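Residue strings, one per chain:
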Amino acid sequence: MRPKAHQTLNLKLLVVAVLVAFFLLFVLRSNFSTSISNQDPSPATQASSLLPKPSSDCSLTCNKIPPSLSQALIHYSTSTITPQQTLKEISVSARVLEKKSPCNFLVFGLGHDSLMWSALNHGGRTVFLEEDEAWIEQIRRRFPMLESYHVTYDSKVNEAENLMEVGRGPECTAVGDPRFSMCQLALKGLPTLVYETKWDLIMVDAPTGYYEEAPGRMTAIYTAAMMARNRDGGETHVFVHDVNRVVEDKFSMAFLCEKYMKKQEGRLRHFTIPSHRDHLDTPFCPQ
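Residues numbered from 1 in each chain as written. Predicted model: local features only at pLDDT ≥ 70, side-chain atom pairs only at ≥ 80, totals over all residues. Heavy atoms only, no water.

### Let's talk about the nonpolar core
Within the largest apolar cluster, 44 residues are counted, with the highest numbers of intra-cluster contacts made by Leu106, Phe108, Ile202 and Phe251. For this core, the element with the most residues is helix H11 (residues 218-229), which contributes nine residues. Of all hydrophobic cores here, the second largest spans 24 residues; its members include Leu110, Met116, Ile136 and Phe239. (Core = buried A, V, L, I, M, F, W, Y, C linked by side-chain atoms within 4.5 Å. Buried < 20%, exposed > 50% of the residue type's maximum accessible area, 1.4 Å probe, protein only. Helix = DSSP H or I, 4+ residues; strand = E, 2+ residues; numbered from the N terminus.)

In structure tokens, the structure reads:
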């Protein structure tokens, strides 16, 4: 998730524009709600309108910007480092968040875009899972409001082909809680809250996967897929970044399923996975 070099100034401005648009939407919705409530005043309200008007007080009439959004705007306006995803890729997830937030949003990876995701899910719960403890401490010092947890991965990119074969076995296609799964691909050491929360969105943008000895995203993609299937009703939006790479490409199609894919924009794929929990005879992937 963390870019290895500075991105262009244009991308930074576009990310800021997304956050500004979110803020404007927040203000407009608040103003609209206020105008609706004033259209049909109660008798008590009509009576109070005959009383002398108090002096103008902004604390009573103004819509204050949420602190999380304020900090995100300041950060991205002044930072020379921008998120690794492009505007078009970010927009795919942002459109879903616009409809679903406030919601539960799980993100594999803690990066320069984390403050943005948290701000776009204002009022919801956004949790980040990160492999690098030193990086977590660095981000916590700067943005203590972000909820992040350290996780470890036992897999390696050079094991991906063997893990794909393992994933085809019956123990890996059975729907259930990943922490109790017999499948080698299931992540069993995540914080308890991760397994017990009903996630509306899951973003897989970690762990590191660009060299042979790196952990790779095989287990993260599989676990996200099983959390979605094991959800108690409804559907889960799952996003996988860097699908230009072999692991992300093959594992997302195998375990999130091509028929469940809603959109691909650049290096980002968006899947919508329905719950299989109440219909255990549902095929792992639709035909």
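### So, the pattern of salt bridges
The full count for this structure, using the stated rule, is 16 salt bridges. Residue Glu196 is joined to Arg179 by a salt bridge in which the shortest nitrogen-to-oxygen separation is 3.7 Å. Of this pair, Glu196 sits in helix H10 (residues 192-196) while Arg179 sits in the loop between helix H9 (170-173) and H10, placing them 17 residues apart in sequence. Exposure remark for Arg179: the relative accessible area of 24% places this residue in the partly exposed category. Ionic pairing is found between Arg245 and Asp242, a salt bridge with its closest N-O pair at 3.7 Å. (Salt bridge = Lys/Arg side-chain N within 4 Å of Asp/Glu carboxyl O.)

### With respect to the state of the cysteines
As used here, a disulfide is simply a covalent bond connecting the sulfur atoms of two cysteines. Applying the stated criterion across every chain, the model contains two disulfides. Two residues, Cys172 and Cys183, share a disulfide whose sulfurs are 2.0 Å apart. Between Cys172 and Cys183, the S-S dihedral sits near 90 degrees, and the bridge is therefore right-handed. With a gap of eleven residues between them, Cys172 in helix H9 and Cys183 in the loop between H9 and H10 connect regions that are remote in the sequence. (Disulfide = S-S within 2.5 Å.)

### Some details on the sheet that holds strand E1 (residues 104-108)
Spatially, seven strands are ordered E3-E2-E1-E4-E5-E7-E6 in an open sheet, and the strand pairing comes out mixed. In this open sheet, the two strands that pair with only one neighbour each are strand E3 (147-150) and strand E6 (261-265). Pairs of neighbouring strands in the sheet enclose a mean axial angle of 15 degrees, with direction left out of account. Relative to strand E5 (residues 235-241), strand E4 (residues 201-204) is paired through four bridges, and the arrangement is parallel. In the strand pairing of E5, Val204 is matched with Val240. Running at roughly 15 degrees to strand E7 (residues 268-274), helix H12 (residues 246-257) makes contact with E5, E6 and E7 of the sheet. (Pairing = 2+ DSSP bridges. Axes fitted to C-alpha atoms, helices over the stretch in contact; angles between N-to-C directions. Contact = heavy atoms within 4.5 Å.)

### Here's the deal with helix H8 (residues 160-167)
Within H8, burial applies to Ala160, Leu163, Met164 and Gly167. Looking down the long axis of H8, one finds its buried residues gathered within 105 degrees of arc, a one-sided arrangement. Residues of H8 that are exposed and point over 90 degrees away from its buried face: Glu161, Asn162 and Glu165. Of the surrounding elements, those touching the buried residues of H8 are H9, H11 and H12. (Arc of directions from axis to C-beta.)

### Notes on unusual backbone geometry
Look at the link from Ser101 to Pro102: it is a cis peptide, with omega at 0 degrees. Relative to the elements of secondary structure, Pro102 occurs in the loop between helix H5 (87-100) and E1. A positive phi is found at Asp242, a non-glycine position, where the angle reads about 70 degrees. Relative to the helices and strands, Asp242 is located in the loop between E5 and H12.

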